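Examining the three-dimensional arrangement
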Amino acid sequence: MITCQNITIQYGQEKVVNNLSFEVNQGEMFGIIGPNGSGKTSLLKAIGGGIIPKEGEIMIDHRDLSAYQSKELARKLAVLPQESDTAFSYSVWDVVALGRYPHQKGWLQGISKRDEDMITQALLQTDTYQFRTKPLQQLSGGERQRVLLARALAQEPDILLLDEPTNHLDISHQMGLLNSLKQWSHERKLTVIAVLHDLNMASLYCDRVLLLNEGSSVALGTPVDVMEEKQLEGVYQTSLQRKEHPAVPSPLITFTPERTEDFAVIKDLKVERLHEWIKIESSQKWKTLSSAVIGAGFRWHHQFVNRHVDKNYSADNVEMEYGQYLREKGLDPNDTLGMMTAAFLEDASILISKPSSPAIYVMISAGVSNAVDAATAHQQADWIPVMGTINIWVFIEGNLPEAAYIQAVMTVTEAKAKALHDEHVIDSVSGTIATGTSTDSVLIASSQSGVRYPYAGTITPLGKEIARLVYKGTRDAIKRNKIRRESL
Ligand SMILES: Nc1ncnc2c1ncn2[C@@H]1O[C@H](COP(=O)(O)OP(=O)(O)OP(=O)(O)O)[C@@H](O)[C@H]1O
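Residues numbered from 1 in each chain as written. Predicted model: local features only at pLDDT ≥ 70, side-chain atom pairs only at ≥ 80, totals over all residues. Heavy atoms only, no water.

Let us now look at the site of the ligand. Near the ligand there are 14 residues, and of these Asn36, Gly37, Lys40, Thr41 and Ser42 occur at the shortest range. Gly37 has a polar backbone atom sitting 2.8 Å from an oxygen atom of the ligand. Take Ser42: an N or O atom from its side chain is 2.6 Å from an oxygen atom of the ligand. Its free accessible area being 640 Å², the ligand has 62% of it covered by the protein chains. Of all the secondary-structure elements, those providing two or more residues to the shell around the ligand are strand S2 (14-24) and helix H1 (40-47). Per element, the largest residue contribution to the shell around the ligand is three residues, and it comes from H1. (Near = heavy atom within 4 Å. Polar contact = N/O pair within 3.5 Å; in protein donor to acceptor, adjacent residues only side chain to side chain. Areas by Shrake-Rupley, 256 points an atom, 1.4 Å probe, with all protein chains shown as cover. Helix = DSSP H or I, 4+ residues; strand = E, 2+ residues; numbered from the N terminus.)

Following this line, the structure appears as structure tokens:
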């Protein structure tokens, strides 16, 4: 365990670390983050015994750092500094062998079998074994960084101090290094203290992080607690957003560049309405949330396709087939949002909001042959996908937080269910009024500019207009669909 108590570090008269106290537990992965010049390296050097604090105490396993002999300290603790003197022309093997010095009784003794094994293991763990006969000078910056890490590992320390260890490393070696450190901290109880500039790497890999600013502690805790949006903005003096990582429960920090391009606007939407598709194109991208076949989830898009397919359409891999279709039409599937329906697109509704309301553009296609009542659906047999779909697209000129997107989806769903109720659309299995169809899809698209709409529930200005348009548009599309079906 490492204990830092009331540490103050000074260069001449300048205090660069001010009265810091914290503990790092055995087997912990501990990150030090903060802007340039905030004292991270100075603190790490002090923990490694490289500089002596002006005030305070640093203890390793309850023993004052100054009480350790240098060789004894080197068996306990290894350091990977920010920049190393790599001018010497030793081979990679010899550089890593230097890490065994603290374990040797004297220079004359030479290296033992165990030393050799540890050197080989360290080279393999850092993916540098293939360079072992090369002079260090002939390696790239990232390769050299990995060799110096191998040297630190060959020391077999209990504590590893790393100053920006991912500097110079490509993304695969960054992940490889941090995955290994995490594994060693779990399995071998290796204690890792790392200065990290990449907030997302710190968030993903550190058990706890210390946020420094001008030599003082701003926050200390788990990444979830420390990576608070306003706190980071205050310390780093930059605009950022905190999101959640899609696969693991860690915060993800994103930065927004100043925009130089224009924002999307409704009057710029170009609509092509054919039997085969309704295609909407915009010169600028919209931020979308959808359940589309192509481009689902939160994305950005400027091409939107609602494709008509035969009611007996089937494909082994619908996404692949749809992607192929788009490519044949000259559209890039990575850049296009694609839905499909068996409904006749000639019957679709396209509506625009009133001038005094929030600016909204709506497209609705409605086929109801596969109508389902959500309240009685549990009585039905397993789902057999049939193309009788209601697809609803809502474009909004405005700036919406994610919560408002979800409220917009709720408002759309409620307005659609009410439209089906008022059109007496029946679930053919239960004989009750349907609330939707089994393959309905929705798109909410926002320009993310102009008026901010924090909410889109049914009683907000935005929600009221979405609900009015979706209710009317769904009823009109169902009516036209009904007339067509009766005439067939
Ligand atoms: N040897 C030194 N002599 C005098 N001042 C120093 C010395 N080393 C660092 N400093 C000063 O101490 C302050 C803290 O430096 P330190 O390197 O600890 O910051 P850091 O947070 O690691 O910065 P960076 O993110 O830029 O690496 C800075 O203002 C720096 O100029």
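The discussion continues.
Strand order in this open sheet of six strands is S6-S7-S8-S3-S9-S10, and the pairing throughout is mixed. The open sheet terminates on both sides in strands that have one partner only, identified here as strand S6 (77-80) and strand S10 (216-221). Averaged over all pairs of adjacent strands, the angle between strand axes in this sheet comes to 15 degrees, irrespective of strand direction. As paired strands, strand S9 (residues 208-213) and S10 are joined by five bridges and run antiparallel to one another. (Pairing = 2+ DSSP bridges. Axes fitted to C-alpha atoms, helices over the stretch in contact; angles between N-to-C directions.)

The next point concerns helix H10 (residues 318-328). For H10, the complete set of buried residues consists of Tyr322, Gly323, Tyr325 and Leu326. Along the axis of H10, the buried positions cluster into a sector of 160 degrees, meaning they face one direction only. Seen from the open side of H10, the exposed residues pointing more than 90 degrees away from its buried face are Met320 and Glu328. The elements touched by buried residues of H10 are strand S14 (277-290), strand S15 (297-308) and strand S16 (336-341). With a side-chain oxygen lying 3.2 Å from the backbone nitrogen of Glu319, the N-terminal cap of H10 falls on Asn317. Two residues or fewer after H10 comes Gly330, characterised by a positive phi angle close to 80 degrees. (Buried < 20%, exposed > 50% of the residue type's maximum accessible area, 1.4 Å probe, protein only. Arc of directions from axis to C-beta. Contact = heavy atoms within 4.5 Å.)

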